Amino acid sequence: MVNYTLKQLQYFIAVADAESISGAAAACHISQAAMSQAINELERIVGSQLLVRHRARGVVLTAVGAHFLRDAKDLVRHAEEVQGHIGERQSTLAGPLVIGCYTGLSAFWLPVICEQFTKPNPGLEVRIIEGDGVVLQERMLEGYLDAVLTHTRHLLPQVKHAPVMGGRPYVLLAAGHPLAGRGSIRLAELADEDFVSLDIPSVQDNQLVNLRMSGLDPKIAWSSSNFEAVRGMVARGLGYTVLVQRPPVNMSYDGLPLAMLEIDGPVGRSDICVAYTASDRPSLRLRAFIEFCERIGAEREEGTGGF
């Protein structure tokens, strides 16, 4: 017989997340004494100390506690799945679904996810967290996220993924640039031009390496962590850039025209995908989300889905 309860596991996870008994008690809306009693009883049942209590510094997981935390999260997640299956067997998606979204994809994907996936499924408790694709995947592997919408170039080796949309890089120029009227361009032709860099870790770690492997060593003259700021600088003739996301309108925020050119020659792709934990069988909720993203991606590639 299993002697501990799911409630005790949930309290233990809350303490580990808050790094304090009092913080976990407040988050779970119970008294600090009740939280301490639940953790003490859990430790007695499992026969090991899970936490080291420090009066002024909260709590720290023991080595046993750190291993037990991963198992506890798996058990609680599975219990949530079992509960969620009840509603899903009745043809409704239900239960929690926490999705990470790479910041560079947010403007293109969050609105349609909210409108066409979250809103039509009121039984789902969808939460979307934006950030760096690699960091989000690390959080997913720790059990905090169910999946991450990101680029294949950002994938960690421990995860599985489902491709949802192609992502071939392109060159962006000001509309008045001498080369702007062409349909395509060789990267070597831009060797002496100033480069406007999208200054975020995943781009620095992947795109610049990709360009150098494709025969172009960009002369970085300007940079910004904001996608539209980069497009705005290009529109004002400060240089060219190479991007993957393709807004439907070739115009900057301040109304200046832009020219998008395909790259003539081989260049590394960075497709959009849904990453998920390799050790878990995707839940019905997650499978539904992946199928939704695949449908939206196919519509956008065909030019029927809009942005």
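Details of the structure are given in the entry above.
Overview of the structure.

Calculation notes
Residues numbered from 1 in each chain as written. Predicted model: local features only at pLDDT ≥ 70, side-chain atom pairs only at ≥ 80, totals over all residues. Heavy atoms only, no water. Core = buried A, V, L, I, M, F, W, Y, C linked by side-chain atoms within 4.5 Å. Buried < 20%, exposed > 50% of the residue type's maximum accessible area, 1.4 Å probe, protein only. Pairing = 2+ DSSP bridges. Helix = DSSP H or I, 4+ residues; strand = E, 2+ residues; numbered from the N terminus. Contact = heavy atoms within 4.5 Å. Axes fitted to C-alpha atoms, helices over the stretch in contact; angles between N-to-C directions. Polar contact = N/O pair within 3.5 Å; in protein donor to acceptor, adjacent residues only side chain to side chain. Parallel < 35°, antiparallel > 145°, perpendicular 65-115°, else oblique. Left-handed = near helix turned anticlockwise from the far one by under 90°. Arc of directions from axis to C-beta. Salt bridge = Lys/Arg side-chain N within 4 Å of Asp/Glu carboxyl O. Phe/Tyr/Trp six-rings, centres within 6.5 Å; stacked < 30°, edge-to-face > 60°.

Remarks on the nonpolar core
By size, the foremost hydrophobic cluster in this structure holds 41 residues, and its most contacted members are Trp109, Phe117, Leu149, Val164, Val274, Phe289 and Cys293. Membership of the second largest hydrophobic core comes to 21 residues, among which are Leu9, Ala14, Ile39 and Phe68.

Let's talk about the sheet that holds strand E12 (residues 258-263)
With mixed pairing, four strands are arranged side by side in an open sheet as E8-E12-E7-E11. The two strands at the open ends of the sheet, each matched to only one other strand, are strand E8 (184-185) and strand E11 (241-243). Direction of pairing for E8 relative to E12: parallel, over a ladder of two bridges. Directly across from Ile185, in E12, lies its bridge partner Ile263. Packed onto the sheet, helix H8 (residues 227-235) meets strand E7 (170-174), E11 and E12 and runs at close to 55° relative to E7.

Remarks on the environment of Val274
Mapped onto the elements of the fold, Val274 is located in strand E13 (residues 272-277). C-alpha of Val274 to C-alpha of Phe68: the two residues are 206 residues apart in sequence and 28 Å apart in space. Leaving out residues up to four positions away in the same chain, Val274 has contacts with Ala147, Val148, Leu149, Lys160, His161, Ala162, Val164, Phe289, Ile290 and Cys293.

Quick look at the side chain of Ser106
Looking at the secondary structure, you find Ser106 in helix H5 (residues 103-118). Excluding its chain neighbours within four sequence positions, the residues that come into contact with Ser106 are Cys101, Pro111 and Glu130.

Observations regarding the sheet that holds strand E5 (residues 147-151)
The strand order E4-E3-E5-E13-E6 describes an open sheet built from five strands, whose pairing is mixed. Taken across any chain shown, the strands that pair with only one partner, and hence form the sheet edges, are strand E4 (124-131) and strand E6 (159-165). Across the sheet, the mean angle separating the axes of adjacent strands is 25° when strand polarity is ignored. Judged from the eight bridges that link them, strand E3 (residues 95-102) and E4 form a sheet pairing that is parallel. Bridge pairing in E4 links Leu97 to Val126. Strands in contact with helix H9 (residues 284-302) are E3, E4, E5, E6 and E13; relative to E6, the strand with the most contacts, it is inclined by about 35°.

Considering the environment of Asn121
Along the chain, the position of Asn121 falls in the loop between H5 and E4. Spatially, the C-alpha atoms of Asn121 and Gly65 are 37 Å apart, while their sequence positions differ by 56 residues. Among the polar contacts listed, one links the side chain of Asn121 to the backbone oxygen of Phe117, at a separation of 2.7 Å.

Describing the packing of helix H1 (residues 6-18) against helix H2 (residues 21-28)
Relative orientation of the contacting elements H1 and H2 amounts to 120°, with a least axis distance of 8 Å. It follows from the interaxial angle that H1 and H2 lie oblique. Along this stretch, H1 crosses H2, giving a crossing that reads as right-handed. Here Tyr11, Ala14, Val15 and Ala18 of H1 come into contact with H2, specifically with Ile21, Gly23, Ala24 and Cys28.

Some details on helix H6 (residues 133-141)
Taken together, the buried positions of H6 are occupied by Gly133, Leu136, Gln137 and Met140. Summarising the axial view, the buried residues of H6 lie within an arc of 100°, below the 170-degree limit, and thus occupy one face. On its buried face, H6 is in contact with E3, E4, E5, E6 and E13.

Some thoughts on the pattern of salt bridges
Pairing between side chains of opposite charge can happen when the charged atoms of each approach one another. Enumeration according to the criterion identifies twelve salt bridges in this entry. Notably, a salt bridge pairs Arg295 with Glu299, separated by 3.1 Å at the nearest N-O pair. Highlighted residues: Arg295 and Glu299, both in helix H9, separated by four residues, approximately one helical turn. In this structure Arg295 comes out as partly exposed when scored by relative accessible area, which is 37%.

Remarks on the packing of aromatic side chains
Describing an aromatic ring pair means giving the distance of the ring centres and the angle of the ring planes. Under the criterion given, the structure shown has six aromatic pairs. Summarising the aromatic geometry, the rings of Phe108 and Phe227 are spaced 5.7 Å apart at their centres and angled 90° between planes, so their arrangement reads as edge-to-face. Placement of Phe108 in helix H5 and of Phe227 in helix H8 is noted, with a sequence separation of 119 residues between them. Exposure remark for Phe108: the relative accessible area of 9% places this residue in the buried category. Consider the rings of Phe117 and Phe289, whose centres lie 5.4 Å apart with planes at 70°: the pair is edge-to-face. Here Phe289 lies in helix H9 and Phe117 lies in helix H5, a separation of 172 residues in the sequence. Taking relative accessible area as the criterion, Phe117 reaches 4% and is therefore assigned buried.

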